[in-house]
Amino acid sequence: MISLRRTAMGLLAAMYLSALLAGWLAPAGYARQFRDSPAAKPSAFFWLGTDELGRDSFARLLHGSRVSLSLAPAAAALATVIGAAAGITAGYWGGWIDTCLARVMDLFLSVPWLFLLLSVRAVLPLNVRPLQSVGITFLLLGLLGWAGPARVLRSAAREIGGEDFMRQARARGCGRLRLLTHHLLPNVAPVLAAQFWMSIPIFILSEANLGFLGLGVAEPLPSWGNLLAGLQNVDAVLSCPWRLAPLALLLLVMACFHLIVPMEDFSK
Amino acid sequence: MNTRWAVCALALGLAPSPHAARLPEPAPGGELRFCLHAEPKNFNPLMVSEEPEEVLQYLTGGVLIRINRQTQAFEPELAESWQVSDGGRKIEFKLRDGVRFSDGVPLTPADVLFSLRSVVDPALHAPAGEPFRTGKGPIVVSQPGSHRIVMALPAPMAGLERLFDQVAITSARAVEKSARPDEMPVLGPYRITGYRSGSSLLLARNPFYWKKDEAGRRLPYIDSVRLSIQQNRDLELVRFLRGDIHLINGLDAESFDRLAEKHPSEARDAGRSLESEELWFNQVARAPIPEHRKEWFRSRPFRRAIAQAISRADLARLVYRSHAAPAIGPVSPANLSWFNAKLRVPTFDPDASLASLKAAGFSLAGAVLRDRHGNAVEFSLITNSGNKSRERLASMIQQDLARIGIRLNVVTLDFGSLIERITRTFDYESCLLGMVNVDLDPSGGMNVWLSSASSHPWNPAQTAPETSWEAEIDRLMRAQAVEPAFARRKALFDRVQEIIVEEAPVVVLVDKNSLSAVSASLGNVAPAVLHPQTFWNIDRIYFRGGTGR
């Protein structure tokens, strides 16, 4: 298991590195349209061929990876922080605070997030650059995706709050804040970390869903979502299997993120 | 008749032509299958509003006058003849004799009176009746003779005949039965015999259909039509490739090429259609956008420079795989009667575009175009999400405009949000959408080109025209709408097209081709650019060999 985890981490590191070096590895750029070479096959110049507008597919894949791999962890971090604040507060304090926060979590979980995201996006300003647009997309994902981690962390906080060591600390006159920072937080930290790692592939997939619907990252910036949208034509994909590269990469990244989460965090 | 004249008569038309002799004999029978892309909302022939109901009306309804989808000429149907008089205020029909409903009951002038009166009744709000209500005052429908019906309008209307292509002739008892479509008597080639909500409709040949072929056989040739309700266009193509269905209207370029690769003879490109893609700038005075941008969008040199900087040929070649053509003007050459043939495709010339922008006070500093106040020229373009072609168009326009230093931010929105912005809040800068000219006649475009119209794209519902050229368009459009002489109408509408090209409030980008799929087992299918492209002559389509595959 450890070797698998190390392999996954190595692969992720390699992917991050190649995404960061996208400009050097694929100098053609992701936006330039080689209009005389639309839908070209892989060649020495275009390693993964070109799309219908003649844009270098390899460059778009690397730049798309950069977008998804950098912003999904940021969105995951945001969702985890909000989720932790809400979940631990609810689980630790209990009572009416817990009841209120639990209802809010239920509300967020019951709202169809895709429609909510569409509605929120529809009222955002139009004149934003592609990079800002992708930032907004992931910010929204982070702001809307906190309820899942919050529920897990609420349960963890309640469970740990009832442990003997917490009772002893309370009996010795330990204050609430100290209990929280010195006893509770260190014990929920593994769950917090697991939630963070698990959220990353969820946000990558969420962006991919939005991109597939044409509502993700704005043109000409690529992301895995809008690259996957090009796979809708089954026949074209079968005749040009190199077009499956974004899907293969997405699957690999998802598998890697799942493998690097320590399973012992869930065995409690 | 002397012998010489008799020989001439035979040579001209009475004798079968050698071409006709070579054609295979249409054999009756079989079941034609194709898809509806949505559930019909109702079966009342007077309340047709959307595509599924239009298809059903075309297959089952009878009309007084039909526009031939191929020649775009008027043809007599239930009206044997007609005459427009009083400068377009009155139309008189002579009804065809011996026409029966599908239940065998004869069509009477009372039924025609009922149909026409219902359609123009303001209380009924029949969609087909809206275009008739242009003038103030009542529309009077009367029966001056045993087989004659007259409709009198309060104001003259040019091209009045065309409106009757959309008016189904029915009867009071048919409308009463429209909730049970399988019992509803009709006058068209088919009648509805089965309906499974969300799944399919089955139509059977109308045994009393009035039309016969040249050999005297009663039409239609095909026994039944099965319409599957299928929203997903990819699945529709898969079903066609499997042989489950026989026709597809309105294929996209990518699907068309997929089909052409496998079955070249079944992929049919009828050439330029009446569907175009276009871009316009928000010119609404109260729009919540910065003033300097409004100033650009209201500047004719700016709009023309943008039009000149976009490579329409590249758009047609790459986005539509050459199944489109660079647009010439607001009317496609597919509109045989009304297209202004003097217009030419605007030239793609980024250098000339930049030069005209510089002459208008813009300047290129590095790679950024700036206006006379130093503002970088940057604006957003909205289009609907999920439409791959439009997203690609936007991306190509983005690159073309970048060459002249303009930054374009492409924003895809769900359709509801987009419509809200362009019709209500006006919170947008430019928009990329498609336009379909369903009505060939210029009067059909009154709701678009008049400055007071709610669908006037760039600045709708103006209380008074805000520019002199819009006032001129209003004047020309109103004049053509009441001008009875075709040549004078044509001259007036030609000028409208010229003004739109000169002023470029709408940059028409490409005219898409009419692409369809037609099974090789079908005979007599001649796809046209007008709806319904493949089955406009449904009563004459037949299966080679008599039965469907």
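Counting starts from 1 at the beginning of each chain's written sequence and moves along it residue by residue. All chains are assigned letters beginning with A, and all ligands numbers beginning with 1, in the order in which they are written. With pLDDT at 70 or above as the cut-off, local features in this predicted model cover only qualifying residues; side-chain atom pairs require 80 or more to be listed or tallied, and sums for whole chains, interfaces and linings still use all residues.

> Looking at this structure, how should I read the overall build of chain A?
Put simply, DSSP marks the helices as runs of H or I at least four residues long and the strands as runs of E at least two long, and each gets a number from the N terminus on. A tally of regular secondary structure across chain A gives twelve helices and zero strands. Beginning at the N terminus, the succession of helices and strands in chain A can be written as α-α-α-α-α-α-α-α-α-α-α-α. Principal-axis analysis of the C-alpha atoms places the extent of chain A at approximately 75 × 45 × 30 Å. Out of the 268 residues in chain A, the part that is buried amounts to 37%. A pair of residues counts as a contact when their C-beta atoms, built from backbone coordinates, are separated by no more than 7 Å. Restricting to contacts in chain A with at least 6 residues of sequence separation, those with at least 24 account for 67%. For the exposure call, what matters is how many other C-beta atoms sit within 10 Å of a residue's own: 20 or more marks it buried, 12 or fewer exposed, and in between partly exposed, using C-beta atoms placed from the backbone.

> What should I look at first to understand the sheet that holds strand β4 (residues 79-85) of chain B in this one?
Residue and element names in this part refer to chain B. Two strands pair if DSSP finds at least two bridges between them. If you walk across this open sheet you meet the four strands as β4-β5-β7-β6, and the pairing is antiparallel. The open sheet terminates on both sides in strands that have one partner only, identified here as β4 and β6 (140-145). Geometrically, the sheet is characterised by an average inter-axis angle of 20 degrees between neighbouring strands, direction not taken into account. Bridging between β4 and strand β5 (residues 90-95) involves six bridges; their strand directions are antiparallel. Along β5, the bridge assignment pairs Ser85 with Lys90. Seen against the sheet, helix α4 (residues 109-120) touches β5, β6 and β7 (148-152) and runs at an angle of roughly 165 degrees to β6. Every axis corresponds to a line fitted to the C-alpha atoms, with the helix fit spanning only the stretch in contact, and the corresponding angles, defined between N-to-C directions, vary from 0 to 180 degrees.

> Help me out: how do you make sense of the interface of chain A and chain B in this one?
When the parts of a complex come together, some accessible area is lost, and that lost area is often used as the size of the interface. On the chain B side, the residues contacting the 19 residues of chain A number 25 residues. Only Asp, Glu, Lys and Arg are considered charged in this grouping, and only Ala, Val, Leu, Ile, Met, Phe, Trp, Tyr, Cys and Pro are considered nonpolar; every other residue, Gly among them, is considered polar. Across the side of chain A that touches chain B, the residue classes break down as ten nonpolar, four polar and five charged.

> What is the right way to read the environment of Leu381(B) from this model?
All names here are of chain B. Here Leu381 is to be found in strand β16 (residues 378-384). On the basis of neighbour counts, which here come to 24 C-beta atoms within 10 Å, the residue Leu381 falls in the buried class. Measuring from C-alpha to C-alpha, the distance between Leu381 and Ala128 comes to 34 Å, with 253 residues separating the pair along the chain. Setting aside residues no more than four positions away along its own chain, Leu381 makes contact with Ala394, Ile397, Leu408, Val410, Ser430 and Leu432.

> How do you make sense of the confidence of the model for chain B when you look at a structure like this?
If pLDDT is low for a region, its predicted coordinates should not be looked at in detail. All names here are of chain B. In predicted models, pLDDT denotes the confidence assigned by the predictor to each residue on a 0 to 100 scale. Across chain B, pLDDT averages 92, with 95% of residues at or above 70. Ignoring residues within four places in sequence, the model shows residues 1-22, a span with pLDDT below 50, making four contacts including any to other chains. With a pTM of 0.86, the predicted complex shows an ipTM of 0.80.

> Honestly, helix α12 (residues 245-260) of chain A in this entry has me stumped. Any pointers?
Every α-helix winds through 3.6 residues per turn, so residues three or four apart in the chain are directed the same way. Residues and elements named next belong to chain A. When the terminal C-alpha atoms of α12 are compared, their 22 Å separation across 16 residues agrees well with the 22 Å that a helix rising 1.5 Å per residue should span. Taken together, the buried positions of α12 are occupied by Pro246, Leu250, Val253, Cys256 and Phe257. Seen along its axis, α12 keeps its buried residues to an arc of 130 degrees; they face one direction. Those residues of α12 that are exposed and angled more than 90 degrees off the buried face are Ala248 and Leu251. Residues of α12 that are buried in the fold lie against α1 (2-20), α3 (57-93), α9 (176-212) and α10 (224-228). Here the expected length of a helix is defined as 1.5 Å per residue gap, with one fewer gap than residues. For this quantity, the arc is that covered by the directions from the helix axis to the C-beta atoms.

> Quick question: what am I supposed to make of the pairing of strand β12 (residues 267-281) of chain B here?
The side chains of a regular strand alternate between both faces of the sheet. Residues and elements named next belong to chain B. Of all 15 residues in β12, eleven are buried; the element is thus mostly enclosed. Of the strand pairs in this sheet, β12 and strand β19 (residues 506-518) are connected by nine bridges, and their pairing is antiparallel. Bridging from a neighbouring strand, Glu277 pairs with Val510 of β19. Both β12 and strand β18 (residues 430-436) contribute to a ladder of seven bridges, which runs antiparallel. By the bridge assignment for β18, Glu277 is matched with Gly434.

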